[in-house]
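# Coordinates in review
One-letter residues, chain by chain:
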Amino acid sequence: IKIGGRGGGDFLPLGNGLEGRVIFGDGETGKNMKAIRFFDKSFNKIKDIVTLEHHFQRRNLQLTILKESQFFVTWKNRLYSAWDKEFKIDVFDRKGDFIRSVKYPYKRLKVTKAFKKEVLNFFKTHPTLKDLIRLLNVKLVFPEYLPALRGIDVDNGKIYCLTWNDTNKGTEMIIMK
């Protein structure tokens, strides 16, 4: 299920309810925030398990690229969440209770000038994004290091983790239990 618009997000079934990524404004700080939030089947909020500052902030028209990983998947009534800079996947049950963290020793890669140039070129040439970035007059900001994880998936009790290789261009897969 996908729900768009302000405050919308992506939702995945989990047990008798739903788990989703939502975007919202923090009334106290005025910042855009994002969260992994548990809902019942009627979309009533149960609880947030992760809340981070959103990569786009209207105040300074700044879009932070690749600040942290932002992946979550469900498998067998478990939520696997990789919302971190480091190689860390948190596992929650269907009620949103923490079960464990899965970590792997991974040296994060420095964002190179060549990588920045490639990403900026992507934004300048993408059919949809080029106009959006230009119209919003957004400043793109890069972190000093790439997040450890590029993607995750879970199947047959294994966690498939995509990472950056040392050229900043390719992907390596690490399979964990």
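Located above this text is the structure these notes cover.
First things first, this report covers the structure right here in the doc.

The rules behind these values
Residues numbered from 1 in each chain as written. Predicted model: local features only at pLDDT ≥ 70, side-chain atom pairs only at ≥ 80, totals over all residues. Heavy atoms only, no water. Core = buried A, V, L, I, M, F, W, Y, C linked by side-chain atoms within 4.5 Å. Buried < 20%, exposed > 50% of the residue type's maximum accessible area, 1.4 Å probe, protein only. Contact = heavy atoms within 4.5 Å. Pairing = 2+ DSSP bridges. Helix = DSSP H or I, 4+ residues; strand = E, 2+ residues; numbered from the N terminus. Axes fitted to C-alpha atoms, helices over the stretch in contact; angles between N-to-C directions. Phe/Tyr/Trp six-rings, centres within 6.5 Å; stacked < 30°, edge-to-face > 60°. Lys NZ or Arg CZ within 6 Å of the ring centre and 35° of its normal. Salt bridge = Lys/Arg side-chain N within 4 Å of Asp/Glu carboxyl O.

## Notes on the nonpolar core
Among the nonpolar cores identified, the biggest contains 27 residues, and Tyr80, Phe87, Ile89, Ile159 and Cys161 are the most heavily contacted of them. Leaving out residues up to four positions away in the same chain, Phe87 has contacts with Val102, Lys103, Tyr104, Tyr106, Ala148, Leu149, Cys161, Thr163, Ile174 and Met176. Judged by nonpolar contacts, the second largest core, of eight residues, contains Phe72, Leu79, Trp83 and Phe92.

## Brief notes about the sheet that holds strand β9 (residues 78-82)
If you trace the four strands from one edge of the open sheet to the other, you get β8-β9-β10-β11, paired in antiparallel fashion. Every other strand in the sheet has two partners, leaving β8 (71-75) and β11 (98-103) as the edge strands with one partner each. Taking the axes of each pair of neighbouring strands and ignoring which way they run, one obtains an average angle of 20° across the sheet. Two elements, strand β10 (residues 88-93) and β11, share five bridges in a ladder whose sense is antiparallel. Counted as the bridge partner of Lys88 is Lys103 from β11.

## Some thoughts on the packing of aromatic side chains
Counting across every chain of the model gives four aromatic pairs. Here the aromatic rings of Phe87 and Tyr106 are separated by 6.2 Å at their centres, their planes lie at 50°, and the arrangement is tilted. In this pair, Phe87 is assigned in the loop between β9 and β10 and Tyr106 in the loop between β11 and α1 (113-125), connecting sequence segments 19 residues apart. For Phe87, a relative accessible area of 3% gives the class buried. By relative accessible area, which is 18% here, Tyr106 ends up buried. Aromatic side chains Phe92 and Phe98 sit 5.8 Å apart centroid to centroid with 75° between the ring planes, which places their arrangement in the edge-to-face category. Assessed through its relative accessible area of 6%, Phe92 is described here as buried. It is Lys110 that lies over the ring of Tyr145; its NZ or CZ is 5.1 Å from the centre.

## Focus: the pattern of salt bridges
Overall, the coordinates contain four salt bridges when judged by the stated rule. Of the charged contacts, one joins Lys88 and Asp84 as a salt bridge, the two residues approaching to 3.9 Å between their closest N and O atoms. Its relative accessible area of 24% is what places Lys88 among the partly exposed residues. Judged by its relative accessible area of 23%, Asp84 falls in the partly exposed class. Here Glu86 makes a salt bridge to Arg108, at a shortest N to O gap of 3.2 Å. Of this pair, Glu86 sits in the loop between β9 and β10 while Arg108 sits in the loop between β11 and α1, and the two are 22 residues apart along the sequence.

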